[in-house]
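Tertiary structure, described
Residues per chain are reported as follows:
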Amino acid sequence: MLILILLIAPAIATIITLIFRNNLKVIEYSALISAGTQLTAALLIANTVAGAQSYSLLPYFQADSLSAILILITSLVGFASVAYNIGYMREELKRGVLGQSRTRQSYILINLFLLAMFLGLTTTNPIITWISIEATTLSTVFLISFYNKPSATEAAWKYLVINSVGLMLAFLGTIIYLACATPFIHSDFITWENILSVSSSLNPDVISMAFIFILIGYGTKVGLAPMHSWLPDAHSQAPSPISAILSGALLNIGLLPILRFKIITDNVVGQNFTQNLFIFFGVISIVLASFAIFRQASYKRLLAYSSIEHMAVVLLGFGFGGLGIYAGLLHMIYHSLAKSAMFLLSGNILLKFESEKIRNVVGAMGLLPKTSILFIIGFLALTGVPPFGLFLSEFYIILAGIQTHPWITPIVVFALALIFFGFFKQISTMMFGSMQGEETRGEYSKWTVIPPLILLSILIFFSLILPEQIQTLLKNAVLLFNQ
Amino acid sequence: MDTNLQLLSIFQLTVFLCSVLMHILRKNSSLILIYLLQSLSVALMLLILGINQGSISLILVGMITALVKVIGAPIFFSRLINRQQLAISTTTYLNTPITLGFILGLTALVQSYIFAPIISLFPQFQQLMAFSLSGILISLFLVINRRGVFSQLIGILSFENGLVAFSTLAGIEQILAVEIGVLFNILLWIVISSVLITLIYSHFGSLNTTEMNKLKD
């Protein structure tokens, strides 16, 4: 029932938006109530799974420890972003940047986007997972091209083409897995569990090839280098609340099928094969992101490259194995909270300074004091400064790396250090210095301050005290990889 | 040779040859015709297998595939290129002889030991699977090699046709709802990419991807 609520709530909100097309307040609050309902359902699901290890709805939908963590993250990020969207879109409407029709479209597409993500998280069938992730691509194309500028349209095309090619490759990998497994499964509806149950009978050479297609295919969606070129464009061109969901939730959802197939593949060919691939792509991605961050002229692109870096760190955690798996999962939680907050705050900066260029943002602390303080907190969190949780997760991953791959770890540490200095250089330029122009001091509305504040507060709380249910979910999720 | 197997062979080869022809033809209208032919071959493969196996869901999927990809998509694309007057597809990164060399290389790659484990999974369709995989890689190469967004669109759809042909021969049959879900996704993809093409043309005055250079680090 709870899983059904996750899926039905955004569908109802979409229908309400279509019916009350001219009543913006109804549209806003229906989206908010839908996201709030999803958050409540997600909390209950996580609590249930923490106690019972899984939660199923018929054979078609299931939440285990791994997906329960992601359901929780997605619902939190989704709720905060929808709440922020209310304030952000109202401000854009007031300035005449957008009309009522465009604003309405944003809510419809956000609701469909959330629906597709939760479907991908809860389905038990690999092909429905693929359909949902493809649906997230389709529902976000027009969110990326939202402002109807040449750069936004270009970003949307790159996003559509590169992700579609990636997902086709992932589909090829999925078909190969199914082709191997189907002769041993006596069921019309194939699930992750029944592929895993027959994994010892699968051909290792074929499964190895299939996993490569899966990793490259879904890895495109995660933004792993060298398939990442769409990510900085798409995440920077989309409206800030959408960028928050793209970075804070969607990247994790792209990683989920890779992890599911990893569990199956490890049973067939052993852990070394997938771990080596994860380390290879993780190192390339983190090194590329570290050098790119130095050269960024746009703060939203800066945050986008930071997303590539953090997903690489997560991948490295799974690649190093052992403690790294626990740390990788932990890192996903902390990164989602911090990154989505940062994108929401970047929206405030964009509204005030009307420019994405770092050189045009000077003295933000004077004009947007609350946003700036939160932005600095987010920067410290993202760059792995203690006592934030990202420091702990990165530390554990590096520790795991030293134990298993001591010659790779210095490269990772160097890249992380480079990222800190690159970020510091850019952020300090933006936050401090003499205010220019005649902008008025002050935030826009509570809608644009409270959501990122909540996300960062949760991040700080989780950094100091990780609730027992989440610890249980993490431990049980790690067990999935050690079968 | 079994009649059904002969027909499957003919249609699979048609899918493969269409993916090769797409590299040679430059006019957008010709690309649409080749895509129509390719989609028809895929739909007929589904129908033949459905009839052979007595599977109502495969027959239904074949019919819906024909409706969406053989009738719907070509009409949609024809209206798009007529409205925008996009007669000629744009240039390629590699010239025709090198392109054909790459196509030969990709076909040879699939026949090599690298893909042998996958192909050997299907003993009764080995050569057909090889052509199917080759068609998939050649379609991917079309997306990479062409500078025109319309060609890239057709390349992705050709890739998808190759995947459907591959999964059909592999005997991957899901419940009807899942198959329809995949088709619905493709239909949405066609609509969305077509709208995006219209937007691209209105912003850039061209469908050449080299004109889209607003975003740089």
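Residues numbered from 1 in each chain as written. Chains lettered and ligands numbered in written order. Predicted model: local features only at pLDDT ≥ 70, side-chain atom pairs only at ≥ 80, totals over all residues. Heavy atoms only, no water.

A word on the overall build of chain A. Scanning chain A for helices and strands turns up 19 helices and 2 strands. Here the C-alpha radius of gyration of chain A, 21 Å, is about what a compact globule of 483 residues would show, namely 23 Å. Over its C-alpha atoms, taken along the principal directions, chain A stretches across nearly 70 × 55 × 45 Å. Expressed as a percentage of the 483 residues in chain A, the buried residues total 68%. Looking at chain A alone, contacts between residues at least 24 apart form 80% of all its contacts between residues at least 6 apart. With 24 positive and 19 negative side-chain charges, chain A shows a separation of 8 Å between the mean positions of the two kinds. (Helix = DSSP H or I, 4+ residues; strand = E, 2+ residues; numbered from the N terminus. Rg over C-alpha atoms; globule rule 2.2 N^0.38 Å. Buried < 20%, exposed > 50% of the residue type's maximum accessible area, 1.4 Å probe, protein only. Contact = heavy atoms within 4.5 Å. Lys, Arg positive; Asp, Glu negative; His and termini not counted. Charge placed at Lys NZ, Arg CZ, Asp CG, Glu CD.)

How big an interface is tends to be reported as the loss of accessible area on association of its parts. At the junction of the two partners, chain B supplies 46 residues and chain A supplies 47 residues. When chain B packs against chain A, the two sides together hide about 4100 Å² of surface, and 79% of this comes from carbon and sulfur. Put simply, chain B and chain A have 0 salt bridges between them. Viewed at the interface, chain A and chain B are joined by 5 residue pairs in polar contact (both at pLDDT 80 or more). Of all elements in the fold, only α5 (116-119), α6 (126-145), α7 (149-169) and α8 (176-204) of chain B reach the threshold of two or more residues within the side of chain B that touches chain A. (Buried area = accessible area lost by both parts, 1.4 Å probe. Salt bridge = Lys/Arg side-chain N within 4 Å of Asp/Glu carboxyl O. Polar contact = N/O pair within 3.5 Å; in protein donor to acceptor, adjacent residues only side chain to side chain.)

Below, the discussion takes up helix α15 (residues 369-382) of chain A. All names here are of chain A. With 14 residues, α15 should cover 20 Å at 1.5 Å per step; its first-to-last C-alpha distance of 20 Å lies within 8% of that length. By the burial criterion, the buried members of α15 are T371, S372, L374, F375, G378, F379, A381 and L382. On its buried face, α15 sits against α12 (299-320), α13 (323-353), α14 (364-367), α16 (389-404), α17 (409-431) and α18 (446-464). Taken from the residues just after α15, G384 is the one with a positive phi, measuring 75°. (Expected span 1.5 Å × (residues − 1).)

Residue and element names in this part refer to chain A. The tally for this structure, following the rule as stated, stands at 9 salt bridges over all chains. Taking the shortest distance from any N to any O, the salt bridge between E28 and R90 comes out at 2.6 Å. Of the two residues, E28 is situated in helix α2 (residues 24-52) and R90 in helix α3 (residues 65-95); the sequence distance between them amounts to 62 residues. With a relative accessible area of 27%, R90 lands in the partly exposed category. With its nearest N and O atoms 3.2 Å apart, the salt bridge here joins R95 to E91. Of the two residues, R95 and E91 are both situated in helix α3; the distance of 4 residues between them amounts to about one turn of the helix. A relative accessible area of 9% places E91 in the buried class. One salt-bridge network, in which partners are shared between bridges, spans E91, K94, R95 and E354.

Residue and element names in this part refer to chain A. Under the definition given, this model contains 25 aromatic pairs over all chains. A ring pair is formed by F146 and Y147, whose centres lie 5.7 Å apart and whose planes are at 80°; its orientation type is edge-to-face. Of the two residues, F146 and Y147, neither departs from the other in class, the shared state being buried. Where F379 meets F424, the ring centres are 6.3 Å apart and the plane angle is 40°; that geometry is what we call tilted. Linking F379 in helix α15 with F424 in helix α17, this pair joins segments that are 45 residues apart in sequence. The exposure class of F379 is buried, given its relative accessible area of 5%. With relative accessibility at 44%, the residue F424 sits in the partly exposed group. Among the aromatic residues, those joined into a ring-pair cluster are F379, F420, F421, F423 and F424. (Phe/Tyr/Trp six-rings, centres within 6.5 Å; stacked < 30°, edge-to-face > 60°.)

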